[in-house]
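Each chain, letter by letter, is given below.
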Amino acid sequence: MEFRTGIGYDLHRFTKGRMLVLGGVPIEHDRGLLGHSDGDIVLHALCDALLGAAALGDIGELFPDTDPTHKNADSRRFVTRVLERIRSAGWRVGNVDLIIHAETPKLTPYKDRIRQTIADLLDIPISAVGLKATTNEGLDAIGRGEAMACWATALLEAAGAADGRPQTGTV
Ligand code: MG
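Quick notes on the rules
- Residues numbered from 1 in each chain as written.
- Predicted model: local features only at pLDDT ≥ 70, side-chain atom pairs only at ≥ 80, totals over all residues.
- Heavy atoms only, no water.
- Helix = DSSP H or I, 4+ residues; strand = E, 2+ residues; numbered from the N terminus.
- Buried < 20%, exposed > 50% of the residue type's maximum accessible area, 1.4 Å probe, protein only.
- Donors = N, O, S within 2.8 Å, 3.2 Å for Na, K, Ca; no water.
- Pairing = 2+ DSSP bridges.
- Phe/Tyr/Trp six-rings, centres within 6.5 Å; stacked < 30°, edge-to-face > 60°.
- Lys NZ or Arg CZ within 6 Å of the ring centre and 35° of its normal.
- Patch = residues over 30% accessible without salt bridge, like charges linked within 9 Å, V, L, I, M, F, W, Y side chains within 5 Å.
- Areas by Shrake-Rupley, 256 points an atom, 1.4 Å probe, with all protein chains shown as cover.
- Salt bridge = Lys/Arg side-chain N within 4 Å of Asp/Glu carboxyl O.

1. A short note on the environment of Glu84
You can see Glu84 is positioned in helix H3 (residues 76–88). When its relative accessible area of 51% is taken as the criterion, Glu84 is described as exposed. Expressed as a C-alpha distance, the spacing of Glu84 and Leu122, which sit 38 residues apart in the sequence, is 9.9 Å.

2. Structural notes on the coordination of the magnesium ion
Here the magnesium ion is held by the protein donor atoms Asp10 (OD), His12 (NE2) and His44 (ND1), which lie 2.1 to 2.3 Å from it. Sequence positions of the donors to the magnesium ion reduce to the motif D-x1-H-x31-H. On the criterion of sequence distance, the pair formed by His12 in strand S1 (residues 3–16) and His44 in helix H1 (residues 41–53) is long-range, its members being 32 residues apart. In this pair, the class of His12 matches that of His44, namely buried.

3. Some points on unusual backbone geometry
A cis geometry characterises the amide bond from Thr104 onward to Pro105, with omega recorded as -5°. With a phi angle near 60°, Asp123 is a residue other than glycine that sits in the positive phi range. With respect to the secondary-structure elements, Asp123 resides in the loop between helix H4 (111–122) and strand S6 (129–134). Note on Asp123: relative accessible area 60%, which makes it exposed. For Asp140, which is not glycine, the phi torsion reads 55° and is therefore positive. Here Asp140 lies in helix H5 (residues 140–143).

4. Concerning the pairing of strand S7 (residues 147–158)
Within S7, 9 of the 12 residues are buried, leaving the element largely enclosed by the surrounding structure. Sheet topology places S1 next to S7; 11 bridges connect them, and they run antiparallel. Its bridge partner being in S7, Thr5 is matched across the sheet by Leu155. Of the strand pairs in this sheet, strand S5 (residues 91–101) and S7 are connected by 10 bridges, and their pairing is antiparallel. Looking at the pairing, Ile99 lines up with Trp151 of S7.

5. Some words on the packing of aromatic side chains
For the structure shown, the criterion picks out 2 aromatic pairs. On the basis of an interplanar angle of 45° and a centroid distance of 4.5 Å, the ring pair of Tyr9 and Trp151 is categorised as tilted. In this pair, Tyr9 is assigned in strand S1 and Trp151 in strand S7, connecting sequence segments 142 residues apart. For Arg31, the ring lying beneath its charged end belongs to Phe14, and the centroid distance is 4.5 Å.

6. Observations regarding a nonpolar patch on the surface
On the surface, Ile7, Tyr9, Leu11 and Trp151 cluster together to form a nonpolar patch covering roughly 390 Å² of accessible area. Tallying contributions element by element places S1 first for the nonpolar patch, with 3 residues.

Okay, structure coming up:
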């Protein structure tokens, strides 16, 4: 069995007048994240971890913020399209793991819904979706509550080919 790991990161600024969406789940908060799409840092970091594991480029190349069709886009759409690319390159998702960095809001009540949403999007069990949240102890822009960030890792397993080796992926 052949494996690949990937890493992804995203940060967006908070802004008033936008809904906060993390991992495809609306979160109650007085501000949302500024972005061309819905600003969902969790799904953006996840996309980059998946793309990175398959060496298929990054989310900015696939879904450029200069493209008006991505304005206010639901980022679940990006994950679905990334998954299609992963699969057509001969990979399947083993597990993913995420860390959200945020001073507020408290995410504990939302964690399992975010995990389930990601599990459904990737067609993997919820036990294969790790999610942690941590503050930045009041330090830097995240600590001051001006921004929120997310790290993601993904493990891909070779799928499809009889000898267990994936086809060579191309962007
Ligand atoms: Mg982003």
